[in-house]
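Listed below, chain by chain, are the residues.
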There are 2 protein chains.
Amino acid sequence: MKQVIVFRSDLKIGKGKIAAHAAHAGITGYERVMSKKPAVVKEWLSEGQKKIVLRVKDEEELVGLYERVKRSVPAELIRDAGHTQVEAGTLICLVIGPWEDEDIDRFVEGMKLL
Amino acid sequence: MKQVIVFRSDLKIGKGKIAAHAAHAGITGYERVMSKKPAVVKEWLSEGQKKIVLRVKDEEELVGLYERVKRSVPAELIRDAGHTQVEAGTLICLVIGPWEDEDIDRFVEGMKLL
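Remember, predicted model here, so these are calculated numbers, not experimental data.

I'm lost on unusual backbone geometry in this one. Help?
Most peptide bonds adopt trans geometry, and most residues besides glycine take a negative phi value. Residue and element names in this part refer to chain A. With an omega of 20°, the peptide bond running from Gly97 to Pro98 counts as cis. Relative to the helices and strands, Pro98 resides in strand E4 (residues 91-99). Unlike most non-glycine residues, Gln49 shows phi in positive territory, near 45°. You can see Gln49 is positioned in the loop between helix H2 (38-46) and strand E2 (51-56).

Next comes the structure, spelled out in structure tokens:
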């Protein structure tokens, strides 16, 4: 089991904003899967809640990945509230899972770490 | 309501590791408060789950802050599993809340953003 968070690498955002969005993404994924498959979340937590943080080039790649993944694995796009650094509503990252490794791996294999 | 995540700034860790730990911290705080005061978590989520990411100088400051905060606000230290970049068990960050703003603010007022 793992949760994958994917950031755009074309935004000029600081590490504090990255951290805040990563926390938001992590909790959003947790809640989404907990509401449908709580046993998956519990197993993931019991294994130490593994997380991988990856990157894509831009918004187009992020949305493309989301569209492919969401057909078989719980996933959600995360937007910025836009108080600082970027415009309101800017897509920042994508959270996938927590879910089975093999179901996630076929979408993210070969992608680069953030 | 807010959740505050505080990182040490003396560790040489990349933004990917910061993001993974922020997600871990966010979920750990969520779970901790949910198990004791679910109404607080629900209110925080309904308000948009505000998060602030701050920094302290080193481990000593992080542990000192944790010791002061935990008497009145749910808080937890997050350690690295130690696969890369730092030694296993290294303290990386602290999660506070989600909890009432005013109860958190008296501990973190004046601290710098990450």
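Having put the structure on the table, let's press on.
What should I look at first to understand the side chain of A:Lys51 in this one?
One can find A:Lys51 in strand E2. Comment: no salt bridge for buried A:Lys51; closest opposite-charge side chain is B:Glu31, at 9.9 Å. Side chain to side chain, A:Lys51 and B:His24 meet in a polar contact 3.0 Å long. Dropping the residues within four chain positions of it, A:Lys51 is found in contact with A:Gln3, A:Trp44, B:Ala20, B:Ala23, B:His24 and B:Ile27.

Honestly, a positive patch on the surface in this entry has me stumped. Any pointers?
A cluster of like positive charges, contributed by A:Lys12, A:Arg55, A:Lys112 and B:Lys15, occupies part of the molecular surface. Among the structural elements, A:Lys112 can be located in strand E5 (residues 112-113). Assessed through its relative accessible area of 54%, A:Lys112 is described here as exposed.

Where do I start with the sheet that holds strand E3 (residues 75-79) of chain B in this structure?
The strands making up a sheet associate through hydrogen bonds between their backbones, and the pairing can be parallel or antiparallel. All names here are of chain B. Ordered in space as E3-E4-E1-E2-E5, the 5 strands form an open sheet in which the pairing is mixed. The sheet is open, and its two borders are formed by E3 and strand E5 (112-113), each paired with just one other strand. Pairing between E3 and strand E4 (residues 91-99): 5 bridges, direction antiparallel. Considered in E4, the bridge of Arg79 is made with Leu91.

Rules and cut-offs
- Sequence order as written defines residue numbering, which begins from 1 separately in each chain.
- Chains carry letters from A onward and ligands carry numbers from 1 onward, assigned in written order.
- At least 70 in pLDDT is required for a residue's local features to be given in this predicted model, at least 80 for side-chain atom pairs to be given and counted, and no such filter applies to totals for whole chains, interfaces and linings, which use all residues.
- Side-chain measures here rest on the full set of heavy atoms in the structure, leaving out hydrogens and waters.
- Working definition: helices are DSSP H or I runs of at least four residues, strands are E runs of at least two. Numbering for both runs from the N terminus.
- Burial classes follow relative accessibility: with a 1.4 Å probe on protein chains only, a residue under 20% of its type's maximum area counts as buried, one over 50% as exposed, and anything between as partly exposed.
- Counting rule for charge: Lys and Arg are taken as positive, Asp and Glu as negative, and neither His nor the chain ends is counted.
- The term salt bridge refers to a pairing of a side-chain nitrogen on Lys or Arg with a carboxyl oxygen on Asp or Glu at a separation within 4 Å.
- Any pair of nitrogen or oxygen atoms within 3.5 Å is treated as a polar contact; in protein, a donor-acceptor pairing is required on top of that, and neighbouring residues in sequence qualify only through side-chain atoms on both sides.
- By the convention used here, residues are in contact when the closest approach between their heavy atoms is within 4.5 Å.
- Nonpolar side chains (Val, Leu, Ile, Met, Phe, Trp, Tyr) within 5 Å and like charges within 9 Å form the patches, drawn only from residues with over 30% relative accessible area and no salt bridge.
- Accessible areas in this description were obtained via Shrake-Rupley with a 1.4 Å probe; residue shielding takes into account the shown protein chains only.
- To locate a charge, the coordinates of NZ of Lys, CZ of Arg, CG of Asp or CD of Glu are taken.
- Two strands pair under a simple rule: DSSP has to find at least two bridges between them.

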